[in-house]
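Chain residues, written in single-letter form:
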Amino acid sequence: MGRNNERNIKKHNDKLHKAQDKAKKAAMERKEKLKEIVKKFNADQASKNE
């Protein structure tokens, strides 16, 4: 009964990939929010300068 059998490896990889996907999704959401904030800031600055 080894610890590195196919089922345990698959379970570990699935858990790892799920965590990686979650981190990647969070990073993408942060980038999108930052883009929106920058866009809003730039629009506010443009309206102040006019």
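Just above, that's the structure.
Keep in mind the model is a prediction, meaning the values are calculated, not measured. (Residues numbered from 1 in each chain as written. Predicted model: local features only at pLDDT ≥ 70, side-chain atom pairs only at ≥ 80, totals over all residues. Heavy atoms only, no water.)

A. Spatial organisation of the pattern of salt bridges. Summed over the entire model, instances satisfying the criterion amount to three salt bridges. In this structure, K35 engages E32 in a salt bridge whose closest nitrogen and oxygen atoms are separated by 4.0 Å. Of the two residues, K35 and E32 both sit in helix 1 (residues 6-49), three residues apart, roughly one turn of that helix. Using a relative accessible area of 54% as the deciding quantity, one classes K35 as exposed. In this structure, K40 engages D44 in a salt bridge whose closest nitrogen and oxygen atoms are separated by 3.7 Å. With K40 and D44 both in helix 1 and four residues apart, this pair spans about one turn of that helix. Look at K40 and you get exposed, because its relative accessible area is 55%. (Salt bridge = Lys/Arg side-chain N within 4 Å of Asp/Glu carboxyl O. Helix = DSSP H or I, 4+ residues; strand = E, 2+ residues; numbered from the N terminus. Buried < 20%, exposed > 50% of the residue type's maximum accessible area, 1.4 Å probe, protein only.)

Coordinates in, geometry out; function isn't part of it.
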